Amino acid sequence: FISASWVHATEAWVLSAGVDNYAHIGDLKGCVADAQTTTAVFNAQAGKLFTRVYAQTLVNGQATKGAILQRMQEMSRRGNAGDYMVIFLSGHGGRTNNNQTWYFCPQDYHPKNFGATALTDREILNAAHAMVVQGKKVFIIVDACYSGQLNIAARGYMQNYRQGGGLVVMVSSAANQTSRALGQYSAFARAFAESMSNADSNRDGRVTLDEVRGFTYRRTHQLAQGQNSEVSWSPSMGGNLTLAVLRANNPQPAGAPTWVGRENLQGFGNLAFTFHNNGQVTMRDARGTSQGTWTRNGSQVVLRFSNGQVVYNGTINGNTMSGTARNSKGGQWNWSVQLSR
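Residues numbered from 1 in each chain as written. Predicted model: local features only at pLDDT ≥ 70, side-chain atom pairs only at ≥ 80, totals over all residues. Heavy atoms only, no water.

J.: Which residues make up the side chain of Asp143, and what values do they have?
T.: Assignment of secondary structure puts Asp143 in strand β7 (residues 137-143). Of the side chains with opposite charge, Arg180 comes closest to the buried, unpaired Asp143, at an N-O distance of 11 Å. A polar atom in the side chain of Asp143 sits 2.8 Å from the backbone nitrogen of Ala189. Leaving out residues up to four positions away in the same chain, Asp143 has contacts with Leu89, Ser90, Gly91, Ser172, Ser179, Ser186, Ala187, Phe188 and Ala189. (Helix = DSSP H or I, 4+ residues; strand = E, 2+ residues; numbered from the N terminus. Buried < 20%, exposed > 50% of the residue type's maximum accessible area, 1.4 Å probe, protein only. Lys, Arg positive; Asp, Glu negative; His and termini not counted. Salt bridge = Lys/Arg side-chain N within 4 Å of Asp/Glu carboxyl O. Polar contact = N/O pair within 3.5 Å; in protein donor to acceptor, adjacent residues only side chain to side chain. Contact = heavy atoms within 4.5 Å.)

Given below as structure tokens:
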């Protein structure tokens, strides 16, 4: 894309699946609430850590193997390098193949039709791999029995991710442990949700992977004595990676990159845009300074000013961004800017 990180203001893509009511095995309690809560804590980061959050929540009959696999595969066609891709699963989990293979039980799981209905660790990790190699940051978060086995299976993947994208795996229990449900929610899922607002141990206004790992381990132990949650990540990710921001970003952060050029609107000429990570943009032209908003989809950028009465549509090509603009009076003109800093 381009070297400036601002243009790829980070977005989050979240898939949460929770199953309480199973078709062929025993029911659970709290897993639907786990999925809904996880979606909510990531949605709360819109305008803070992320410019936008795109979330899908599948519960009970929606959370079949086919639906979950389809949504995971779709995620590889969404977003861009640097985006956070979150897969959350809460429900029954099990082990097979002499306890070497872990699997999640979607709503339609049937023990007599394992291959078609069980969601195995390899299927989950292969779907994650397709996103990691695109430069995305992938988070697999699971509250299910024996899910530590998924963490073991992930090690072979993680060691190959040393730059660009990466993989984080958060699981509710060790490979030989069950995961405790507490009625309205599951212990680890509750601990993770709380960590997104309470784990800021150094009070710097953000929650990091290291802080989440420590908080969820302690809190899960408190809620379900003896249950050991696990959080691990690939070498391409660091413990200081931010998972949540506890206050909105400064609308004009120091060092926000600026693009400078011209437009052919009569009476104007010089044009500059300064972009900010919270979806805000400052425009400077012949009439002074204006504040607006910006969004992007791939290489396409849209900037809106004066409550949408003035719109700039542009395409990014390397360090150049150009396109057409229009106003509410029917005027249309061309513009082009280049990255300055």
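J.: Explain the pattern of salt bridges to me, using residue names and the numbers behind them.
T.: Within this structure, the stated rule accounts for five salt bridges. The partner of Arg190 in a salt bridge is Glu194, with the nearest N and O atoms 2.9 Å apart. Within this pair, Arg190 and its partner Glu194 are both found in helix α6 (residues 187-198), separated by four residues, close to a single helical turn. Taking relative accessible area as the criterion, Arg190 reaches 31% and is therefore assigned partly exposed. With relative accessibility at 13%, the residue Glu194 sits in the buried group. In this structure, the salt-bridge partner of Asp204 is Arg206, at a minimum N-O distance of 3.1 Å.

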